Amino acid sequence: MTEGPAPDLSAAASAVSVAQGVVDAAAKSVAARGGVDANQAVAYDLAHAAAGAAIAGAALDYGALGDIEGRLACAFVADMVVDLVTKVTGREAEWGTEPGWSRPLEAFVATWRRPDVLAGLCGEQGPRHLSEDFELVRATFHRFADEKVRPHAEHVHRTNGDVPEELIEGLGELGGFGLSVPESYGGFATGGESDYLGMVVATEELSWGSLAIGGSLMTRPEILTRALVRGGTEEQKRHWLPKLAAAEVLAAVAVTEPDFGSDVAGITTSATPTEGGWLINGVKTWCTFAARAEVLMLLARTDPDRAKAHRGLSMFIVEKPVGDGGGFLFHQERAERPGRLEGRPIDTLGYRGMHSYELAFENWFVPSANLVGEADGVGQGFYLQMQGFENGRLQTAARALGVMQAAYEAALAYAADRKVFGTPVLDYQLTRVKLARMAVIIQAARQFSYDVARRMAKGEGAMEASMVKAYVCRAAEWVTREAMQIHGGMGYAEEFPVSRYFVDARVLSIFEGADETLALKVIARQLLERSS
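Conventions and cut-offs
- Residues numbered from 1 in each chain as written.
- Predicted model: local features only at pLDDT ≥ 70, side-chain atom pairs only at ≥ 80, totals over all residues.
- Heavy atoms only, no water.
- Helix = DSSP H or I, 4+ residues; strand = E, 2+ residues; numbered from the N terminus.
- Buried < 20%, exposed > 50% of the residue type's maximum accessible area, 1.4 Å probe, protein only.
- Contact = heavy atoms within 4.5 Å.
- Areas by Shrake-Rupley, 256 points an atom, 1.4 Å probe, with all protein chains shown as cover.
- Phe/Tyr/Trp six-rings, centres within 6.5 Å; stacked < 30°, edge-to-face > 60°.
- Lys NZ or Arg CZ within 6 Å of the ring centre and 35° of its normal.
- Salt bridge = Lys/Arg side-chain N within 4 Å of Asp/Glu carboxyl O.
- Core = buried A, V, L, I, M, F, W, Y, C linked by side-chain atoms within 4.5 Å.
- Expected span 1.5 Å × (residues − 1).
- Disulfide = S-S within 2.5 Å.
- Axes fitted to C-alpha atoms, helices over the stretch in contact; angles between N-to-C directions.
- Parallel < 35°, antiparallel > 145°, perpendicular 65-115°, else oblique.
- Nonpolar A, V, L, I, M, F, W, Y, C, P; charged D, E, K, R; others polar.
- Pairing = 2+ DSSP bridges.

### Overview of the overall build of the protein
In step 1: On a plain count of helices and strands, the protein comes out with 17 helices and 10 strands.
In step 2: Here the C-alpha coordinates of the protein stretch approximately 75 × 55 × 40 Å along the principal axes.
In step 3: Residues counted as buried form 58% of the 532 residues belonging to the protein.
In step 4: For the protein, restricting intrachain contacts to residue pairs at least 6 apart in sequence, the fraction spanning at least 24 positions comes to 76%.
In step 5: In the structure as shown, the protein presents an accessible area of about 20900 Å², 50% of it carried by carbon and sulfur atoms.

Below you can see the structure in the form of structure tokens.
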């Protein structure tokens, strides 16, 4: 058993309660001072503070399950309080609180921030407390990630190669593309908690293997599946969902434009009616996996009245040939207005393998049957997209968990083997404290992800999905950075995968909702609405 103080969950719960009170007061203060846009700096910190407090609440539930769980929970709560103090100090008036608000928590924080206490937790990760069924899911996808994904990960990263076809085929055989497809359409979703939780567990393990060629393979078909289940016609569901579940059709998402990213309501790519369907014109960017995908989930403006903003958008399933990873150009031979689709790859510092593209559409024809919802789907595209993206944010948090877990394990193993000044790096207190904090953050974030999955299965948890995405993706940057630092000079060399974890983690706070937009436009605004 780890030596150190016994868990004090009562004091930890009091600390979480005080923190939540500060968050609530800040929401009222920001509202009274003119709202989010007039107080962006405080509102941004408020969103992340609220996410930290929510994760701490999940950590408390986890802490009640055992001794080591309790110690990890107390350590996370103490860290959360310190982070909150940092955000509030010097801005108490803007936060609607008084200096000294954290004084009653100082004894608890001092105990669980002590270097010797944290060093004593080094190597302790705590059990995940998954049920037997979900532990089987975890083990199955972990084995696939270990045996099939990891052997390709470094080569694809260094050569900027493509996702190997054998991985796509293998994941399809495992049923990875059908986790959210209802059973009646050839998938494995039963409409309960298992649909969301299974996706989180599987995604974490695949991302542990590689974010770029493992953890992200399921994301795009997952987003399209959610949109189809919500808004597709029965005929569309029966046609597309079995194909998505069996990986007969691979999907990419074409929403972002050069001038419109998170503010999707302003997109300009147009879909104009023509005989038998629609003509797509415009440019999309950051369309990941666009070359390999056979279909694009595309959001386009069907109402030319820009004043209608998001109400003028519709969603299409755009069919295309499989293209070359280095770029592609396709033509549609039509008697009138022939179509053209060009894809230009965007080189990135990490997250290689999936490849992102800028897509230029010129009179690209899409049949009427491929407008999601057909006649009833006109003007519904924004809402269908958000349905998929809410789940995508939870899945992105799971991807961040996998990258963090891989980085933590690599750092722990390297620290045990590497000697500096005649002593294993793992024996130094600073190293042990770093590794302990990594494990604490990973497990607390994991447990909150499980909690959000359960909420979403009940039709709840949209804001919490944004919270977990915002918090965990930023945490992944710190964890991978420290893991790289523990490797010393070898962390900067491509001989060790930890450098890949670091550059891969950096994208997590950008896609599926940029961190600032997510914090200000989603989390902070909902916090203010709840405070009124």
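### Side note on the packing of aromatic side chains
In step 1: Tallied over the full model, the rule gives 7 aromatic pairs.
In step 2: Aromatic pair Tyr351 and Phe511: ring centres 5.3 Å apart, planes at 80°, arrangement edge-to-face. Here Tyr351, found in the loop between β7 (339-346) and β8 (356-367), pairs with Phe511, found in the loop between α16 (498-505) and α17 (515-531); they are 160 residues apart in sequence, far enough to count as distant. With respect to class, Tyr351 is no different from Phe511; both count as buried.
In step 3: In textbook terms, an aromatic cluster arises when at least three aromatic residues are bridged by ring pairs, as seen for Phe328, Phe330 and Tyr357.
In step 4: Lys320 extends its terminal NZ or CZ atom over the ring of Phe328, reaching a point 5.2 Å from the ring centre.

### Details of the side chain of Thr203
In step 1: Within the element layout of this structure, Thr203 appears in helix α9 (residues 193-209).
In step 2: Contact partners of Thr203, with chain neighbours within four places excluded, come to Gly215, Met218, Gln395, Ala398 and Arg399.

### Details of the pattern of salt bridges
In step 1: This model, assessed by the stated rule, comprises 28 salt bridges.
In step 2: In this structure, Asp116 and Arg114 form a salt bridge, with 2.6 Å as the shortest nitrogen-oxygen distance.
In step 3: For Asp116, a relative accessible area of 42% translates into the label partly exposed.
In step 4: Overall, Arg114 belongs to the partly exposed group, its relative accessible area being 37%.

### A few points about the nonpolar core
In step 1: With 137 residues, the main nonpolar core has Leu46, Phe76, Val77, Trp95, Phe108, Leu435 and Val472 as its most contacted residues.
In step 2: The dominant element in this core, judged by the number of residues it contributes, is helix α14 (residues 429-457), at 15 residues.
In step 3: Not counting chain neighbours up to four residues away, the residues in contact with Trp95 comprise Val22, Ala25, Ala26, Ser29, Val42, Asp45, Leu46, Ala49, Leu84, Lys87 and Val88.
In step 4: Of all hydrophobic cores here, the second largest spans 28 residues; its members include Leu224, Val253, Phe260 and Val372.

### A word on α14
In step 1: The terminal C-alpha atoms of α14 lie 42 Å apart, and with 29 residues this matches the ideal 42 Å at 1.5 Å per residue to within 8%.
In step 2: A large share of α14 lies buried, amounting to 21 of its 29 residues.
In step 3: Gly459 occupies a position one or two residues after α14 and carries a positive phi of about 85°.

### Section: the state of the cysteines
In step 1: Taken as a whole and judged by the stated rule, the model has 0 disulfides.
In step 2: Among the cysteines around Cys122, which has no disulfide bond, Cys74 carries the closest sulfur, lying 18 Å off.
In step 3: Between Cys473, a cysteine without a disulfide, and Cys287, which holds the nearest cysteine sulfur, the sulfur-to-sulfur distance is 20 Å.

### Things to note about the environment of Leu130
In step 1: With respect to the helices, strands and loops of the structure, Leu130 is situated in the loop between α6 (115-120) and α7 (132-159).
In step 2: Note: C-alpha distance between Leu130 and Ser368 (238 residues apart in sequence) is 45 Å.
In step 3: Every residue in contact with Leu130, bar those within four places of it in the chain, is listed here: Glu135, Arg138, Val201 and Tyr450.

### With respect to the packing of helix α2 (residues 40-63) against α17
In step 1: Contact pair α2 / α17: the axes reach a minimum separation of 8 Å and the direction vectors enclose 80°. With respect to their mutual orientation, α2 and α17 come out roughly perpendicular. Residues Gln40, Ala43, Tyr44, Leu46, Ala47, His48 and Ala50 of α2 form the contact with α17, whose own contacting residues are Asp515, Glu516, Ala519, Leu520, Ile523, Ala524, Leu527 and Leu528.
In step 2: Taken together, the residues of the contact of α2 with α17 sort by class into 11 nonpolar, 2 polar and 2 charged.

### Here's the deal with unusual backbone geometry
In step 1: Here Asn363, not a glycine, exhibits a phi torsion of approximately 50°, which is positive.
In step 2: Turning to its location among the elements, Asn363 is positioned in strand β8.
In step 3: Overall, Asn363 belongs to the buried group, its relative accessible area being 12%.

### Thoughts on α2
Residues separated by three or four positions in an α-helix point in the same direction, a consequence of the helix having 3.6 residues per turn.
In step 1: Along its 24 residues, α2 runs 34 Å from first to last C-alpha, staying within 8% of the 34 Å computed at 1.5 Å per residue.
In step 2: Buried residues dominate α2, accounting for 19 of its 24 residues.

### Observations concerning the pairing of strand β5 (residues 313-319)
In step 1: The buried fraction of β5 is high, at 6 of 7 residues.
In step 2: Across 7 bridges, the pairing between strand β4 (residues 295-301) and β5 is antiparallel. By the bridge assignment, Arg301 is partnered in β5 with Leu313.

### Some words on the side chain of Glu464
In step 1: Relative to the assigned elements, Glu464 resides in helix α15 (residues 462-486).
In step 2: In contact with Glu464, not counting residues within four places along its chain, are Phe448, Val452, Arg455 and Arg530.

### Some words on the pairing of β8
In step 1: Relative to β8, strand β3 (residues 277-288) is paired through 9 bridges, and the arrangement is antiparallel. Within β8, the residue paired with Trp278 across the bridge is Val366.
In step 2: The pairing of β7 with β8 spans 7 bridges and is classified as antiparallel. Bridged to Glu342 within β8 is Ala360.

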